[in-house]
Amino acid sequence: MVNKRVTCSGCSLLCDDIIISTDGLYIDEVIGACLKGKERFDRVSAKNRIFNPYIKKNGELIKTTLEEAFEQVFKIIKNSTKPLLYGFSTVSCEAQLKGMELACLINGFIDSNSTICQGKVLNTSKETGLTLTTIGEAINKSDLLILWGANAAESIPRLLNKVLFSRGKFRMTGREIKTLIIIDPIKTASFNVMGVRDVALQIEPAKDIDLIRVLKDECCRVNSFPDEGVAGIDKNDLKRLLLHLTGTENGIIFIGQGILNAQNGNSVIKEMLELIQLINAKHEKGRISAFMLGGHYNMWGFDHVALSNYGINHSLQFTNQQLTETSDTIISKIEKDDFDCSIIVGTDPISHFPKQLSKKLISKPLILIDNTKTATFHIADVIIPSTLTGIETDGLAYRIDHIPLNLEKIINPPKNILSDEEIIKKIIRNLKQG
Ligand code: SF4
């Protein structure tokens, strides 16, 4: 047995301080990971791990050989003129690049989970600008942390340990000088870490935009807060919130899923980013940064790979093996029924999409490349099992703060299981050979 320091691919924080004990065949012990991370390492032999290729025959999924599964994949792709490729947030950047090459070869449309998640913030920032920060800066320099619609304690379990409870390099004090503000309609688990100096603001559901607007107004016109408060937050708390925002040296707003939900609409993101820019323009000695909380361990990888190779960060439509302009996203493509088969990689749209979209997805042949049995597994027409990146395969991934990290292979994958990259490469190779 040897002890090794490795990076956890359990979520987008990609903690690189995990110690594992391994003989090269099995992982014996995992030290330092949270429960979610531990679950990621346990997935190697989990009950819901996909160890076999499957194809659907007479409405039933049956185990098959890799050759037969690939044959079925080629058949579906060759009969398709409008393939849809989706997912790619839990695979390496190398596999994402191959996914884009495949989409180009078969004149498909490719999109990642980012489009319906934090990619919305990135897109909006093209209009408004965006001040970003890193985990390192959050640990070492932050003095104000705002969780806005973000339940970090559960979605990215070690984030608060790292950024809130750490002292950092440049200070003699840690938690004592860091103020936590939580803005959320729900009293989530993150409220449990609040101390006496922290501020809990239970906002009325879907009223975030009202709060942002009064903060923007007050930045431009002092004493404009309404006496009755706004969105369930009273005037004194509004003043406290603004005081923290304008007085911080290094403040960070963690933008969570709560802000991005459909109830809030899209304009809330724009107003939020404008508020940050407005405060920063007025700040004399400090700044506020935005931090986008997405959970999948390589969601940002897709945006970076797409941007650096094709000039756009998501929703790539290929026609005549050329990138063509489109305003479509994965959602609009499915809504309009503008596809005739789908290739889903490392994600579970059937559990996450609204019922009407799932129904449309199910109505066309579906190829699944994944390592875990999900709801999508049960409705797929062909399933090719894949390795666990960061455990059985190495590859590049972009951390939550857009820092690229190399994930190492720790143990060998089970026999006959290929990496996502190898699977997609094989599909491309065989399609090219006709
Ligand atoms: S916080 Fe995320 S990356 Fe860190 S140990 Fe937990 S699951 Fe793994």
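For clarity, every value in this text was computed on a predicted model and none was experimentally measured.

**Description of the overall build of the chain**
Alright, step 1. If you tally the helices and strands in the chain, you get 17 helices and 19 strands.
Alright, step 2. Compactness check: the chain gives a C-alpha radius of gyration of 23 Å against a globular reference of 22 Å for 434 residues, within 12% of the reference.
Alright, step 3. Taken along its principal axes, the extent of the C-alpha atoms in the chain is 70 × 55 × 35 Å.
Alright, step 4. Across the 434 residues that make up the chain, the buried fraction comes to 44%.
Alright, step 5. Pairs at least 24 apart in sequence give 69% of the contacts found in the chain among residues at least 6 apart.

**With respect to the pairing of strand β6 (residues 83-87)**
Alright, step 1. The buried fraction of β6 is high, at five of five residues.
Alright, step 2. For β6 and strand β15 (residues 341-345), the ladder comprises five bridges, and the chain directions are parallel. Each residue of the ladder has a partner; that of Leu 85, found in β15, is Ile 343.
Alright, step 3. Inspection of the sheet shows β6 paired to strand β7 (residues 109-112) by four bridges, in the parallel sense.

**Focus: the domain arrangement of the chain**
Reports often express the size of an interface as the amount of accessible area lost when the parts come together.
Alright, step 1. According to the domain assignment, the chain consists of domain 1 (49-114 + 298-395 + 404-432) and domain 2 (119-292).
Alright, step 2. Just the C-alpha atoms count here: the centres of domain 1 and domain 2 sit 35 Å apart.

**Some details on the packing of helix α3 (residues 93-105) against helix α17 (residues 420-432)**
Alright, step 1. α17 packs onto α3 with a crossing angle of 25° between their chain directions and a minimal axis gap of 8 Å. One finds that α3 runs roughly parallel with respect to α17. Considering how the two elements wind past one another, α3 and α17 form a crossing that is left-handed. In this structure, α3 uses Glu 94, Ala 95, Lys 98, Gly 99, Glu 101, Leu 102 and Leu 105 to contact α17, whose residues at the interface are Asp 420, Glu 421, Ile 424, Lys 425, Ile 427, Ile 428 and Leu 431.
Alright, step 2. Taken together, the residues of the contact of α3 with α17 sort by class into seven nonpolar, one polar and six charged.

**Looking at the site of the ligand**
Alright, step 1. Taken together, 13 residues lie near the ligand, and Cys 8, Gly 10, Cys 11, Cys 15 and Gly 37 sit nearest.
Alright, step 2. In the shell around the ligand, the residues fall into nine nonpolar, two polar and two charged.

**A word on the environment of Lys 360**
Alright, step 1. Here Lys 360 lies in helix α15 (residues 355-362).
Alright, step 2. As for Lys 360 and Phe 318, which are separated by 42 residues in sequence, their C-alpha atoms are 22 Å apart.
Alright, step 3. Apart from residues no more than four positions distant in its own chain, Lys 360 is found in contact with Ile 334 and Asp 337.

**Describing the sheet that holds strand β3 (residues 27-31)**
Alright, step 1. Strand order in the open sheet formed by three strands is β1-β2-β3, with antiparallel pairing between adjacent strands. With partners counted over all chains shown, the strands left at the sheet margins are β1 (2-6) and β3, one partner each. Between one strand and the next, the sheet's axes are offset by a mean angle of 25°, whatever the strand orientation.
Alright, step 2. With five bridges joining them, β1 and strand β2 (residues 18-22) adopt antiparallel strand pairing. Pairing of Arg 5 across the sheet is with Ile 19, part of β2.

**Topic: the pairing of β15**
Each regular strand shows side chains that alternate between the opposite faces of the sheet.
Alright, step 1. Of all five residues in β15, five are buried; the element is thus mostly enclosed.
Alright, step 2. The side-chain alternation of β15 yields two buried faces, one formed by Cys 341, Ile 343 and Val 345 and the other by Ser 342 and Ile 344.
Alright, step 3. Bridge analysis of β15 against strand β16 (residues 366-370) gives four bridges, and the strand direction is parallel. Paired with Ile 343 across the two strands is Ile 367, which belongs to β16.

**Points about α17**
Alright, step 1. A rise of 1.5 Å per residue sets the reference length of α17, with its 13 residues, at 18 Å; its end C-alpha atoms lie 18 Å apart and thus fit the reference within 8%.
Alright, step 2. Within α17, burial applies to Asp 420, Glu 421, Ile 423, Ile 424 and Ile 427. Buried residues of α17 fall within an arc of 170° about the axis and therefore sit on the same side. Turned more than 90 degrees off the buried face of α17, the exposed positions are Arg 429 and Lys 432.
Alright, step 3. For α17, the secondary structure elements touched by its buried residues are α2 (66-78), α3, β15, β16 and β17 (382-385).
Alright, step 4. The first or second residue beyond α17 is Gly 434, which carries a positive phi of 85°.

**A short note on the environment of Asp 16**
Alright, step 1. Looking at the element boundaries, Asp 16 is found in the loop between β1 and β2.
Alright, step 2. Expressed as a C-alpha distance, the spacing of Asp 16 and Lys 75, which sit 59 residues apart in the sequence, is 42 Å.
Alright, step 3. For Asp 16, the residues in contact, after removing those within four places along its chain, are Thr 7 and Leu 405.

**Notes on unusual backbone geometry**
Alright, step 1. Even without a glycine there, the phi angle at Ala 206 is positive, about 60°.
Alright, step 2. Assignment of secondary structure puts Ala 206 in the loop between β10 (199-201) and α8 (208-220).
Alright, step 3. A positive phi angle, close to 70°, is found at His 402, a residue other than glycine.
Alright, step 4. For His 402, the location among the structural elements is in the loop between β18 (395-398) and β19 (404-407).
Alright, step 5. Residue classification places His 402 among the partly exposed residues on the basis of 14 C-beta atoms within 10 Å.

**Side note on the sheet that holds strand β12 (residues 287-292)**
Alright, step 1. Judged by pairing direction, the sheet is parallel, and its five strands sit side by side in the order β10-β9-β8-β11-β12 without closing on themselves. Two strands bound the open sheet, and with one partner strand each, they are β10 and β12. When strand polarity is set aside, the average angle formed by the axes of neighbouring strands in this sheet is 15°.
Alright, step 2. Bridging between strand β8 (residues 144-148) and strand β11 (residues 250-255) involves five bridges; their strand directions are parallel.

The rules behind these values
- Residues numbered from 1 in each chain as written.
- Predicted model: local features only at pLDDT ≥ 70, side-chain atom pairs only at ≥ 80, totals over all residues.
- Helix = DSSP H or I, 4+ residues; strand = E, 2+ residues; numbered from the N terminus.
- Rg over C-alpha atoms; globule rule 2.2 N^0.38 Å.
- Buried ≥ 20, exposed ≤ 12 C-beta atoms within 10 Å, placed from the backbone.
- Contact = placed C-beta atoms within 7 Å.
- Pairing = 2+ DSSP bridges.
- Domains from an automatic or database assignment.
- Axes fitted to C-alpha atoms, helices over the stretch in contact; angles between N-to-C directions.
- Parallel < 35°, antiparallel > 145°, perpendicular 65-115°, else oblique.
- Left-handed = near helix turned anticlockwise from the far one by under 90°.
- Nonpolar A, V, L, I, M, F, W, Y, C, P; charged D, E, K, R; others polar.
- Near = placed C-beta within 6 Å.
- Expected span 1.5 Å × (residues − 1).
- Arc of directions from axis to C-beta.

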